[in-house]
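Structural description and commentary
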Amino acid sequence: SKLYMSAEEIGELSRVSVKGVSSEVFTLHAAPHANVEHIVPKIVVIPGNPGVISFYFSFIRHLYKLCHGQVDIIGISHAGHDGSTPYIFSVEEQIQHKIDFLLPMRADHNRSPLILIGHSIGAYIAIKVQKRCPDLVISNIVCLFPTIRDLYQGLSPIVKVAILPGARHGLSWMLHVLPTSVTTRVLARISTLSDEARYVTASKLNRHLVHNILYMAYTEGQEVLEIDAEVMSIMQDHHTRMLFLYGRTDQYTPLSFYEELRTQFPGAGGIELAPEGVAHAFVLKHSEVVAERVAQFVMQFHTVEEIQQLQR
């Protein structure tokens, strides 16, 4: 693991085994003075696709600072998205991967609030985790640009071709034969990523990672259709403690999805539009503005007073 100690680069990036699957975890621990008898909210960030946690460094750090260091934040990569394994994982297997990662936390968080933040398909995964894991006492779910329905419709024609079995194998092997200098230049064009995030991502960019990204996207398109019974059940039972943040021009989640959800759940904790210009891939340019809204939501429920109340 590597410990980042500067003001901008705090946090620990480590590799853990989740039921034998190597997974990257990025962690920020609550400041010691923030503890109220050692009970602090624990936030788990579940990425979209690609599920490379280095893309979320900036968002996680902004969120930590905006919560005044009163929270533990853990970002978990998707299985196979660290480039370390030739195995490929479907969206269903990613749900199980997150359950396997979270279940050992039961003893740790005990009465501490557990908050799941999911981005894009990560929101779908977070909701499924809550439904399938009643043993995990999840107090809130934050759904950022959530792809919980009709995902295939949002894919571009090129992506629809790229995720097909023959094409994704070909693209993965094409990357394998490209010189590292080419892939490094491609990453360098994402100028809004920090040098640190580009370095960490470049270190794992290989055919296994690309194959996993494309295969997971293929299974998302096959499985994420209408809002299914599991998702609907959680939304009906917990919508007052959920935040849904939609984009204004998001090909994956058109405004009609946002409007229908607001009509269906008028008492939800928050079904909102992100500020103008914030794209689906918010982590590239708008981590701070999204973190601001998420922090407001988290602290609304989890002030020091509420943590004390949970002890009683």
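Now for a description of the structure that goes with this document. (Residues numbered from 1 in each chain as written. Predicted model: local features only at pLDDT ≥ 70, side-chain atom pairs only at ≥ 80, totals over all residues. Heavy atoms only, no water.)

Examining the environment of Ala 279
We apply this condition: Numbering of helices and strands runs from the N terminus, with a helix taken as a DSSP run of H or I at least four residues long and a strand as a DSSP run of E at least two residues long. Only heavy atoms matter for contacts: two residues are in contact if any of them lie within 4.5 Å across the pair.
By the secondary structure assignment, Ala 279 is in the loop between β9 (270-273) and α13 (287-301). Along the primary structure Ala 279 and Asp 250 are separated by 29 residues, whereas in three dimensions their C-alpha atoms are 6.6 Å apart. Ignoring sequence-local partners within four residues, the contact set of Ala 279 consists of Phe 145 and His 286.

Here's the deal with the nonpolar core
Using the following cut-off: Only buried Ala, Val, Leu, Ile, Met, Phe, Trp, Tyr and Cys residues count toward a nonpolar core, and they belong to the same one when joined by side-chain atoms within 4.5 Å. Burial classes: relative accessible area under 20% of the type maximum marks a residue as buried, over 50% as exposed, and values in between as partly exposed (1.4 Å probe, protein chains only).
Residues Leu 116, Val 129, Ile 141 and Phe 244 are the most contacted members of the largest nonpolar core, which totals 48 residues. Here this core takes seven residues from helix α4 (residues 121-132), the largest share from any one element. For Leu 116, the contacting residues outside a window of four places in its chain are Val 44, Leu 102, Ala 126, Val 129, Ile 138, Asn 140, Ile 141 and Val 142. Within the second largest apolar cluster, 39 residues are counted, among which are Leu 28, Ile 60, Ile 115 and Leu 209.

A word on the pairing of strand β3 (residues 21-28)
Where we set the bar: A pair of strands is labelled paired if DSSP reports no fewer than 2 bridges between them.
Within β3, seven of the eight residues are buried, which leaves the element mostly enclosed by the surrounding structure. In this sheet, β3 lies alongside strand β2 (residues 11-18) in antiparallel orientation, the contact comprising seven bridges. From the neighbouring strand, Ser 17 faces β3, where its bridge partner is Ser 22. Connecting the antiparallel pair β2 and β3 is a turn made up of two residues, with Lys 19 showing a positive phi of about 50 degrees. By the bridge criterion, four bridges tie β3 to strand β5 (residues 72-76) in an arrangement that is antiparallel. Paired with Leu 28 across the strands is Ile 73, a residue of β5.

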